[in-house]
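Each chain, written out:
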Amino acid sequence: MSTDVGLDAIFFDIDDTLFSTSVFAEKARRNAVDAMLKVGLRSDRETLMQELKEVIEEFTSNYDKHFDKVLLRLPEEATRGLNPSILVSAGMTAYHDTKFRDLKVYDDVYEVLQQLSTTPLVRGVISAGMTIKQTEKILRLHIYEFLTPNAIFITDQIGINKTNPKLYSRVLTTLNLDPKRTMYVGDHPRNDIDPSTSSAS
């Protein structure tokens, strides 16, 4: 299964490689905060954004109760007389609505994947994060049709995180790939490039 470029497989990171995670996340979080204010939360936008940023840093982006924690950090008068579940639901709904509308790949991604899909290359993903979140991105970004179905690897599913070279070794072993004929495309030297290179040593 070789190609004229000497490769048998190519894998992609998802976040900030196929789409701008940081730009999307900022927009989705602002929309969420605005929605919470619209249903009566008594605060100002920048205070809420700062609290949300701190919650995400402290509990990680994979935590599923960010907005609940934000409410706990606010003065009591911010939520007095309001149903906290309505406030949280408003934030979550706005966040997910932004996903439906605005989650898009970089401009050249489809062109590249389309070209690769005409070759015999294994085309896969190696991505860090919660399984359901990362696989949802694959579907919402409309890239699944270009991927080899058994070449999708999410750290949560495997039990090995990205900075550990064992992750990449596991992928190579699972698909019986030669590291010298396999490419990984990522955006972060420490998280993506260094460990994947180490696994090939």
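Numbers given for residues are sequential positions, taken from 1 along each chain in its written order. Since the coordinates come from a predicted model, pLDDT governs what is reported: local features require at least 70, and pairs of side-chain atoms require 80 or more to be given and counted, while whole-chain, interface and lining totals use all residues. Based on all heavy atoms of the structure, the side-chain values leave hydrogens and waters out of the count.

Trainee: Go over helix α8 (residues 166–174) with me, naming the residues and quoting the values.
Mentor: Side chains three or four residues apart in an α-helix point the same way, a direct result of the helix having 3.6 residues per turn. When a residue's accessible area, from a 1.4 Å probe over protein chains only, is under 20% of the maximum for its type it is buried; when over 50% it is exposed; and in between it is partly exposed. Under the scheme used here, helices are H or I runs from DSSP no shorter than 4 residues and strands are E runs no shorter than 2 residues, and both carry numbers assigned from the N terminus. Within α8 the residues assigned to the buried category are L167, Y168, V171 and L172. Along the axis of α8, the buried positions cluster into a sector of 135°, meaning they face one direction only. Seen from the buried face of α8, the exposed residues on the opposite side, beyond 90 degrees, are K166 and T173. Directions pointing from the helix axis toward each C-beta atom define the arc.

Trainee: Any chance you could break down the nonpolar core for me, citing the residues and the numbers?
Mentor: Take the buried residues of types Ala, Val, Leu, Ile, Met, Phe, Trp, Tyr and Cys, join any two whose side-chain atoms come within 4.5 Å, and each joined set is a nonpolar core. Ranked by size, the top nonpolar core spans 22 residues in total, and within it L113, I138, L141 and I143 carry the most contacts. Elements with a minimum of two residues in this core: β1 (9–12), α1 (21–38), α5 (109–116) and β3 (152–154). Contacts between residues were defined by any pair of non-hydrogen atoms, one from each residue, lying within 4.5 Å. Beyond its immediate chain neighbours, meaning those up to four positions away, L113 contacts F12, I143 and F146.

Trainee: Tell me about unusual backbone geometry, and name the residues and values.
Mentor: The phi torsion at T60 lies on the positive side, around 75°, for a residue other than glycine. Residue position: T60 is located in the loop between α2 (45–59) and α3 (66–73). Owing to a relative accessible area of 44%, T60 belongs among the partly exposed residues under this scheme. Notably, N176 is not glycine yet its phi reads approximately 55°, a positive angle. Along the chain, N176 turns up in the loop between α8 and β4 (182–185).

Trainee: Could you give me a rundown of the pairing of strand β2 (residues 122–127), with the residues and numbers involved?
Mentor: Most of β2 sits inside the fold, with six of its six residues counted as buried. The alternating pattern of β2 places V122, G124 and I126 on one face and R123, V125 and S127 on the opposite face, and all of these are buried. Of the pairings in the sheet, the one linking β2 to β3 comprises three bridges and is parallel in character. When the bridges of β3 are listed, I126 appears paired with F153. Between any two strands, at least two bridges found by DSSP are needed for them to pair.

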